[in-house]
Number of protein chains: 2
Amino acid sequence: MLPSGLARNVLFEESDGRFTGVTPDSEPGEAAPLPGVVLPGLANCHSHAFHRALRGRTHDRGGSFWTWRETMYEVAARLDPESYYTLARAVYAEMALAGITSVGEFHYLHQAPGGRGYDDPNAMGVALIAAAHDAGIRLTLLDACYLTGGVAGEPLSDVQRRFSDGDVDAWGRRVAELHDAPGVRHGVAIHSVRAVPRAALPTVVAVADGRPVHVHVSEQPAENEACLATCGLTPTQLLGEAGALGPTTTAVHAVHLDNADIDLLAAAGTTVCICPATEHDLADGIAPAAELRAAGVPLSLGSDQHVVIDLFREAQLLEGDQRAGWLQRGRFSPAQLGTAMTAHASLGWADAGRLEVGARADLVAVRLDTVRTAGIDASQVVLAASAADVDTVVVDGTEIVRGGEHRLGDVGELLMEVLT
Amino acid sequence: MLPSGLARNVLFEESDGRFTGVTPDSEPGEAAPLPGVVLPGLANCHSHAFHRALRGRTHDRGGSFWTWRETMYEVAARLDPESYYTLARAVYAEMALAGITSVGEFHYLHQAPGGRGYDDPNAMGVALIAAAHDAGIRLTLLDACYLTGGVAGEPLSDVQRRFSDGDVDAWGRRVAELHDAPGVRHGVAIHSVRAVPRAALPTVVAVADGRPVHVHVSEQPAENEACLATCGLTPTQLLGEAGALGPTTTAVHAVHLDNADIDLLAAAGTTVCICPATEHDLADGIAPAAELRAAGVPLSLGSDQHVVIDLFREAQLLEGDQRAGWLQRGRFSPAQLGTAMTAHASLGWADAGRLEVGARADLVAVRLDTVRTAGIDASQVVLAASAADVDTVVVDGTEIVRGGEHRLGDVGELLMEVLT
């Protein structure tokens, strides 16, 4: 799947993790063959790795996003750097099996329980960096500022104290200790307008200094209501006022927007990261994807709380919701969905996500002979395949998945070891 | 997953295809172990086997249900009994791999091209029966009456002539030649109010004579509009007037209903078969599942045109749409979804779908140690697993899938042979 469309018998050549040749209609020669259709590496633009521990464990109690959050906080309260590493490594390996080559980890679990710091104030972030390294995928650590328990400056709950640096300057000092490395980039996050006071928002943007800024926006109506009541602004308006929207910003979820919000996001060049499986699972609602696209807003996808780790599924849900809502097919073309599945630039990896000379040498080979994919048109693979059809994954020139097996071994077993 | 809920170390004993013992907390003894969580066999209550040929092949052209139908007709025009057998056998084997032990095949591809009959007027139905037999799953052949091209009696198109017996009596005579056999039951179908004239509906019901009657109802607004314009009734009202609703009837889709329609279905004890993946894919809309349940309407699930064959996915979409629409979680409990996934009775197999003594000895073992299912609560498996997690499938006491492999061999290859 080249930038120009589907090609056959493509010979990929790489050196130092970058493509030095991408040549259709080639003889195989000595090259290692890849099965099926070869896609660029996929970008999972919104992840909370530890939420994976809640998969299939909260469906017996009804409730809402907010009651689910209480259960999530119970998991958050139990993790330390060692267990966080072990869990995240397995989750990132699950992502690798799904063809994901870059992940944006929206990280807010900074302190030890109760809010006291670890000896290394970035011990939890360092655990995530090591986990991604060992799982073989690139990481953008989006270090979240989290200071308050609500838009009106409500105090933090016991568990939330783990998320906080106390004030925005202390957050900035901790973040300043983090440095990019091969396969690792650092961005920042405004957890949400619930967790960062209006006055602190410009400081977060200043700390970002052009690196990616991610922010949860309008996932639930209650956030909008509180923001309007407290500030007289929608969350999007509040972020805009603070200078927090721009072309390096990603607004995550953006489910409950009005037309003015959409115009603001579009004017700023802000990306919206839709997480359809999570937004269904947590009863958030359906993001206005068609309206965002019509306004020119770039879209990305994320598996967020990992009810499933499968960007094919996310793309299928995005388009499926559109079809069901508008009674029209093809609201997003396979190519448009592919663009959303490979939005590495929004994670600071502008040189990834394309099968072309000079780009990072990521490859995802998807089998076209499984029970799920047999008979499909390769150009429509994003609407027919699943993560289970991924055969081979190469990240920066290194093969990390072959024959559906991760180089770390049985990833189900790795997950079982930490989750059961 | 026993009728009373989750149990451990259950010993299953069977004789002549029925359970003779279902005993929790047993010693394994000589019994063959099953991995993961063991569910009853799943019922795929709405299938058009040949639509599988369209998976991943119609996403490049936008359009609507009606333009998709044109492409589907091109496939319908090409099939003969031999190719239909080969295709359906592979599709039913794909179903077996997904844990499906009964399928309701809504069958309308009766005649040779142009509408002339085969030497055996039931040659196409016989092909389906052989296909299900060889794939090892039970079949309810829902033989559809299809006489007109629209509610106002529009003539059939060229392709549609393959679907028609000419008149309802000729349809009834052909259907009378079909007889139940082990693993095979016969029901009837009213294709839709578009395809069966008002005056012919009571005859179809009479031919059914208490066997299952399935009917496409209000999949698209255009059907409602035509029915109201022609008859002054909604499709549901028209079917009710004809006596076609009742406890052995299944209304398939039922997406575009008004409150009176829902009350009619409930009063009649009619089952509604929701096909969420298809209804998204074909831009049909979202069925009013909560309103149907509140009225007391039993629900079943179907993979219909097989954009995916995975009743776990169907259940997840059903509940996910509810959550996104109502901003509440747990709209359908895992147990309620499990009931919809095992609605064998609506296919005439009232003795299947429960792990209890006397019931048909169907088993589906779902692994709990895959990347998808590791760490989940077994009682919530329907909201976390996928067809790819099915390990072992037993139908009427016979093992047809073990270790995720069908006894016919590589089902992807079987599909490739017929689809490429």
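Here the structure is a predicted model, which means the values were calculated and not measured. (Residues numbered from 1 in each chain as written. Chains lettered and ligands numbered in written order. Predicted model: local features only at pLDDT ≥ 70, side-chain atom pairs only at ≥ 80, totals over all residues. Heavy atoms only, no water.)

Peer 1: Would you explain the interface of chain A and chain B in this entry?
Peer 2: Buried accessible area, meaning the area lost when the parts come together, often serves as the stated size of an interface. Each partner contributes residues to the interface: chain A has 55 residues there, and chain B has 55 residues. Regarding the contact of chain A and chain B, the summed buried area is about 4400 Å², with carbon and sulfur atoms giving 55% of it. Contact with chain B buries surface across chain A, with His59, Arg329 and Val371 of chain A losing the most and accounting together for 19% of the total. At the junction of chain A with chain B, the criterion picks out 4 salt bridges. At the boundary of chain A and chain B, one finds 31 residue pairs in polar contact (both at pLDDT 80 or more). Only α1 (65-78), α2 (81-97), α9 (276-281), α11 (311-326) and α13 (411-419) of chain A provide two or more residues apiece to the side of chain A that touches chain B. (Contact = heavy atoms within 4.5 Å. Buried area = accessible area lost by both parts, 1.4 Å probe. Salt bridge = Lys/Arg side-chain N within 4 Å of Asp/Glu carboxyl O. Polar contact = N/O pair within 3.5 Å; in protein donor to acceptor, adjacent residues only side chain to side chain. Helix = DSSP H or I, 4+ residues; strand = E, 2+ residues; numbered from the N terminus.)

Peer 1: Help me understand the relation of the copies chain A and chain B in this model?
Peer 2: The two chain copies are related to each other by a rotation about an axis together with a translation along it. With an axial shift of 0.0 Å and an RMSD of 0.0 Å, the rotation relating chain A to chain B amounts to 180 degrees. Taken together, the rotation angle and the small translation identify this as a two-fold axis. Every residue of chain A has its C-alpha some distance from the rotation axis, and the shortest such distance is that of Ala388 of chain A, at 3.7 Å. Taken together, the interface assignments show that 100% of the residues at the interface of chain A recur at the interface of chain B, consistent with an identical surface on both copies. (Least-squares fit on C-alpha atoms with pLDDT ≥ 70 in both.)

Peer 1: I keep staring at the nonpolar core and nothing clicks. Help me out?
Peer 2: Taken as a class, soluble globular proteins show a tendency for nonpolar side chains to be buried jointly. Within the largest apolar cluster, 132 residues are counted, with the highest numbers of intra-cluster contacts made by Phe50, Tyr92, Ile190, Leu239, Val272, Val366 and Val381 of chain B. Residue contributions to this core peak at 10 residues, all from helix α2 (residues 81-97) of chain B. Val366 of chain B has contacts with Pro35, Gly36, Val37, Leu39, Phe312, Val381, Ala385, Asp389 and Val390 of chain B, leaving out every residue within four places of it along the chain. Grouped together as the second largest cluster of nonpolar side chains are 129 residues, Met72, Ala90 and Val395 of chain A together with Ala374 of chain B included. (Core = buried A, V, L, I, M, F, W, Y, C linked by side-chain atoms within 4.5 Å. Buried < 20%, exposed > 50% of the residue type's maximum accessible area, 1.4 Å probe, protein only.)

Peer 1: Hey, could you run me through the sheet that holds strand β5 (residues 100-107) of chain A in this one?
Peer 2: Note: strands within a sheet are paired through backbone hydrogen bonds, in either parallel or antiparallel orientation. All names here are of chain A. Pairing is parallel across the open sheet formed by 8 strands, whose spatial order is β4-β5-β6-β7-β8-β9-β10-β11. Since the sheet does not close on itself, it has two edges, and those belong to β4 (42-47) and β11 (299-301), each with one partner. When strand polarity is set aside, the average angle formed by the axes of neighbouring strands in this sheet is 25 degrees. The sheet strands contacting helix α12 (residues 334-341) are β4 and β11, and the helix crosses β11 at an angle near 65 degrees. (Pairing = 2+ DSSP bridges. Axes fitted to C-alpha atoms, helices over the stretch in contact; angles between N-to-C directions.)

Peer 1: Would you mind going over the confidence of the model for chain A with me for this structure?
Peer 2: Detailed reading of the predicted model is not advised wherever pLDDT is low. In the predicted model, chain A carries a mean pLDDT of 97, and 100% of its residues have values of at least 70. The complex prediction reports pTM at 0.98, with the ipTM value standing at 0.97. (pLDDT = per-residue confidence, 0-100.)

Peer 1: I'm lost on unusual backbone geometry in this one. Help?
Peer 2: All names here are of chain B. One non-glycine residue, Asn9, adopts positive backbone phi at about 50 degrees. For Asn9, the position within the fold is in the segment before β1 (11-15). In this structure Asn9 comes out as exposed when scored by relative accessible area, which is 55%. Phi at Asp209 takes a positive value of approximately 55 degrees, unusual for a residue other than glycine. With respect to the element layout, Asp209 can be found in the loop between α5 (201-208) and β8 (213-217).

Peer 1: Sorry, what's going on with the packing of aromatic side chains here?
Peer 2: The way to describe two aromatic rings as a pair is by their centre distance and the angle between their planes. Scanning the model with the defined rule gives 18 aromatic pairs over all chains in all. Centroid distance Tyr108 of chain A to Tyr146 of chain A: 6.1 Å. Interplanar angle 35 degrees. Geometry classified as tilted. Here the residue Tyr108 of chain A occupies a position in the loop between β5 and α3 (123-135), and Tyr146 of chain A occupies one in the loop between β6 (138-145) and α4 (168-176), the gap between them amounting to 38 residues. Each member of the pair, Tyr108 of chain A together with Tyr146 of chain A, is buried. Taken together, Phe50, Tyr73, Tyr84, Tyr108, Tyr146 and Phe163 of chain A form an aromatic cluster joined through their ring pairs. Above the face of the Trp349 of chain B ring, Arg185 of chain B is positioned so that its terminal group lies 4.2 Å from the ring centre. Between Arg293 of chain B and the ring centre of Phe332 of chain B, over which it is positioned, the NZ or CZ distance is 4.1 Å. (Phe/Tyr/Trp six-rings, centres within 6.5 Å; stacked < 30°, edge-to-face > 60°. Lys NZ or Arg CZ within 6 Å of the ring centre and 35° of its normal.)

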